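Structural description and commentary
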Amino acid sequence: QECVSEFISFVTSEASDKCRGDKRKTVNGGDVLWAMKTLGFEQYCQVLELYLAKYREVNKVDAPDAKVRPDKRPKLAFHD
């Protein structure tokens, strides 16, 4: 638990620094992926990019005031 919390803090801190540099206040999935690549975790990014794309597809927002459905998660099949 402690190691996972430290990892999440490490990655989100890097993503947050990028956002501050870009003069933004919100960290998004792309920022987290950028941080992971920057920190040397690029081997995990391909599957996370796929997941993020599928998540965005499932939670597509057509109208500006439409709500995103965070309870809908894409199903991914992993193959060796």
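Scroll up to find the structure this text is about.
Below or above, wherever it landed, is the structure these notes cover. Counting starts from 1 at the beginning of each chain's written sequence and moves along it residue by residue. The predicted nature of this model means local features are confined to residues of pLDDT at least 70 and side-chain atom pairs, given and counted, to a pLDDT of 80 or more, with totals for whole chains, interfaces and linings taken over all residues. No hydrogens and no water enter the side-chain calculation; it runs on all heavy atoms of the structure.

Take the layout of surface pockets next. Site definitions follow a grid-based scheme: protein atoms alone, a 1 Å grid, a 1.4 Å probe that fits but cannot get out for cavities, and for pockets an open set with protein on both sides within 12 Å along at least five of seven lines, plus lining residues having an atom within 4 Å of a point. Grid points are joined across faces, edges and corners, and a volume is the space filled by probe spheres set on the points. Space inside the largest pocket adds up to approximately 170 Å³. Considering the residues around the largest pocket, the lining is formed by G29, V32, L33, M36, L48, Y51, L52 and Y55. For the lining of the largest pocket, the secondary-structure elements that each account for two or more residues are α2 (29-38) and α3 (45-58). Just so you know the grouping, Ala, Val, Leu, Ile, Met, Phe, Trp, Tyr, Cys and Pro go in nonpolar, Asp, Glu, Lys and Arg go in charged, and all remaining residues, Gly too, go in polar. In the lining of the largest pocket, the residues fall into seven nonpolar, one polar and no charged. Counting from the N terminus, the helices are the DSSP runs of H or I reaching at least four residues and the strands are the DSSP runs of E reaching at least two.

Turning to the packing of α2 against α3, a few remarks are in order. Packing of α2 against α3 brings their axes to within 11 Å, and their N-to-C directions diverge by 180°. It follows that α2 is roughly antiparallel to α3 by the angle criterion. Contacts between α2 and α3 involve G29, G30, L33, M36 and K37 from the former and C45, L48, E49, L52 and R56 from the latter. When grouped by side-chain class, the residues that make up the contact of α2 with α3 number five nonpolar, two polar and three charged. Only the contacting stretch of a helix is used when fitting its axis, a line to C-alpha atoms as for every element, and angles between N-to-C directions run 0 to 180 degrees. Orientation categories follow fixed angle ranges, with anything under 35 degrees roughly parallel, anything over 145 roughly antiparallel, 65 to 115 roughly perpendicular, and all other angles oblique. Residues are treated as being in contact if the distance between any of their heavy atoms lies within 4.5 Å.

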